[in-house]
Amino acid sequence: MRVIKNCLICDSTSFEEHLTSKDFSVSNENFTILKCKNCNFHFTNPRPKNEELARYYISDHYISHNNTRKNLFEKVYQLVRRIAIKGKYNLISRFKKKGRILDIGCGTGDFLNKCKTEKWVTKGIEPSEIARKQAIVNYNLDVEESIDLRDIKGEFDVITLWHVLEHVTELNTTVSELKRLLSNHGKAIIAVPNLESFDASYYKKYWAAYDLPIHLYHFSKESIIKLFKKHGFSLRKTKGMKYDSFYVSMLSEEHKSKKKNFITAIFIGFLSNLYGFFTKRGFSSTIYVFEKSN
Ligand SMILES: [Zn+2]
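Just so you know, these numbers come straight off a predicted model, no measurement behind them.

**Quick word on the overall build of the protein**
Logical step 1: The number of helices and strands found in the protein is nine helices and 11 strands.
Logical step 2: Taking 19 Å as the expected radius of gyration for a compact globule of 294 residues, we find that the protein reaches 18 Å, a close match to that expectation.
Logical step 3: By its C-alpha atoms, the protein is 50 × 45 × 40 Å across when sized along the principal axes.
Logical step 4: Pairs at least 24 residues apart make up 70% of the contacts formed inside the protein by residues separated by at least 6 positions.

See the structure below:
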């Protein structure tokens, strides 16, 4: 196990326990989330060492994120996915109509393919071999396992991390790399779960977006803004993700009661979105658009 002794955002050593829960997907092991008393950053601590992390990823949950169409649930899921991809693309096109985009953790490449069809120059990074091969075979995308980025500077107008930042082992290094890879006024578009959402506070330790231990960080609006500010970014826009609340609530219901409880999950997802629209809590997951400030 690896123990974080200083807060990764503010360097404080004063922490308190947020909650203890377990890995519901693979190992059933318990993990604790700590909160920095100074800056409100939440993180899994202790956490598996980098070389141990891979074994916590082996689960059907991850493999099910492919393009096979099976039952009604899968069909709805695929439909929502397509709408969500369009939404993500529309957000980007509000800032720039065309340019160079890097999608870190691009999965099977559906989003990047949308950008490609809109005449963006695309590049993807995806560590999972199964997903990467699908992206290359299905869409003929330029996707690498990891790229040696040391020689690249200011090359991208947009870099996207859709539910990726909470997984990266070196948080500060990653954010400073983003800055180096972006062009002047380039945008880092970051989607992460929001631990202040209604569904998070309703499900508590059963909240599926804690996803222990592979989610190493658990962001609030306050903590992620501090992190990016520290690395020379300014916040341009936030956008709630309205579908995540339903999906996360369904998984959380399963964690809580071992049953799917679709109706309850849809109700909680709906409530979470209401809170997202009308209060400061925010949605189940949030997209942040950060601009590289010079
Ligand atoms: Zn802190």
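Resuming the write-up.
**Some words on the sheet that holds strand β1 (residues 15–22)**
Logical step 1: Spatially, four strands are ordered β1-β2-β3-β9 in an open sheet, and the strand pairing comes out antiparallel. Strands at the two margins of the open sheet, each flanked by one partner only, are β1 and β9 (217–218).
Logical step 2: Sheet topology note: the strand β3 (residues 42–44)/β9 ladder contains two bridges and is antiparallel. What sits directly across from H42, in β9, is H218.

**Digging into helix α9 (residues 262–278)**
Logical step 1: With 17 residues, α9 should reach 24 Å at 1.5 Å per residue; the first-to-last C-alpha distance of 24 Å fits that figure.
Logical step 2: Looking at the buried side of α9, the elements it contacts are α6 (198–203), β10 (233–241) and α8 (244–257).

**Structural notes on the packing of α8 against α9**
Logical step 1: Running from N to C, α8 and α9 cross one another at 135 degrees; their axes reach a closest spacing of 8 Å. By the angle between their directions, the pair α8 and α9 is classed as oblique. Like other packed secondary-structure pairs, α8 and α9 cross with a definite hand, here right-handed. Residues S245, F246, S249, M250 and E253 of α8 pack against F262, T264, A265, I266, I268, G269, S272 and N273 of α9.

**Observations concerning the sheet that holds strand β6 (residues 143–144)**
Logical step 1: Taken in spatial order, the seven strands make up an open sheet running β6-β5-β4-β7-β8-β11-β10, and their pairing is mixed. Each of the sheet's edge strands pairs with one partner strand only, and the pair in question is β6 and β10.
Logical step 2: Bridge analysis of strand β4 (residues 100–104) against strand β7 (residues 156–162) gives three bridges, and the strand direction is parallel. Note on β7: the bridge partner recorded for L102 is I159.
Logical step 3: Lying over the sheet, helix α5 (residues 171–181) contacts β4, β7, β8 (182–193), β10 and β11 (285–292), oriented at roughly 145 degrees with respect to β8.

**Thoughts on the packing of helix α2 (residues 72–93) against helix α3 (residues 110–117)**
Logical step 1: α3 packs onto α2 with a crossing angle of 50 degrees between their chain directions and a minimal axis gap of 10 Å. Relative to α3, the element α2 is oriented oblique. Judged by the sense of rotation from one axis to the other, the crossing of α2 with α3 is right-handed. When α2 is examined against α3, the residues R81, I85, K88 and Y89 are found in contact with a partner set consisting of D110, F111, K114 and C115.

**Some remarks on the environment of E254**
Logical step 1: Relative to the helices and strands, E254 resides in helix α8.
Logical step 2: In this view, E254 contacts K259 and K260; residues no more than four positions away in its chain are not counted.

**Description of helix α7 (residues 221–230)**
Logical step 1: Along α7, the positions that sit buried rather than exposed are S223, I224, L227 and F228. Each buried residue of α7 sits inside an arc of 125 degrees when the element is viewed along its axis, so together they form one side.
Logical step 2: Against α5, β8, β10 and β11 lie the buried residues of α7.
Logical step 3: Where α7 terminates, the next one or two residues include G232, which has phi positive at roughly 85 degrees.

**Digging into the nonpolar core**
Logical step 1: In this structure, I159, A188, I190 and F290 are the most contacted members of the largest nonpolar core, which totals 56 residues.
Logical step 2: Considering every element that reaches this core, the biggest residue donor is β8, with six residues.
Logical step 3: Among all residues touching I190, those that are not within four sequence positions of it are L161, L165, Y288 and F290.

What counts, and at which threshold
- All chains use their own residue numbering, which begins from 1 and follows the written sequence.
- The model is predicted, so local features are restricted to residues of pLDDT at least 70 and side-chain atom pairs to those at 80 or more, both for listing and for counting; the totals for chains, interfaces and linings are taken over all residues.
- Helix and strand assignments follow DSSP, with helices taken as H or I runs no shorter than four residues and strands as E runs no shorter than two, numbered in order from the N terminus.
- All radius of gyration figures rest on C-alpha atoms, and the globule criterion is 2.2 Å times the number of residues raised to 0.38.
- Residues are treated as contacting if the C-beta atoms built from their backbones sit within 7 Å of each other.
- One bridge is not enough; two strands pair if DSSP finds at least two bridges between them.
- A helix's residues, less one, multiplied by 1.5 Å, set its expected span.
- Only the stretch in contact is used when fitting a helix axis, every axis being a line fitted to C-alpha atoms; angles between N-to-C directions are given from 0 to 180 degrees.
- The labels follow the angle: roughly parallel below 35 degrees, roughly antiparallel above 145, roughly perpendicular from 65 to 115, and oblique for the rest.
- The sense of a crossing depends on the near helix, which, turned anticlockwise from the far helix by less than a right angle, makes the crossing left-handed and, turned clockwise, makes it right-handed.
- With C-beta atoms placed from the backbone, a residue counts as buried when 20 or more other C-beta atoms lie within 10 Å of its own, as exposed when 12 or fewer do, and as partly exposed for counts between those limits.
- Directions from the helix axis toward the C-beta atoms define the arc.
- Throughout this description, the term nonpolar core refers to a group of buried Ala, Val, Leu, Ile, Met, Phe, Trp, Tyr and Cys residues whose C-beta atoms join them within 7 Å.

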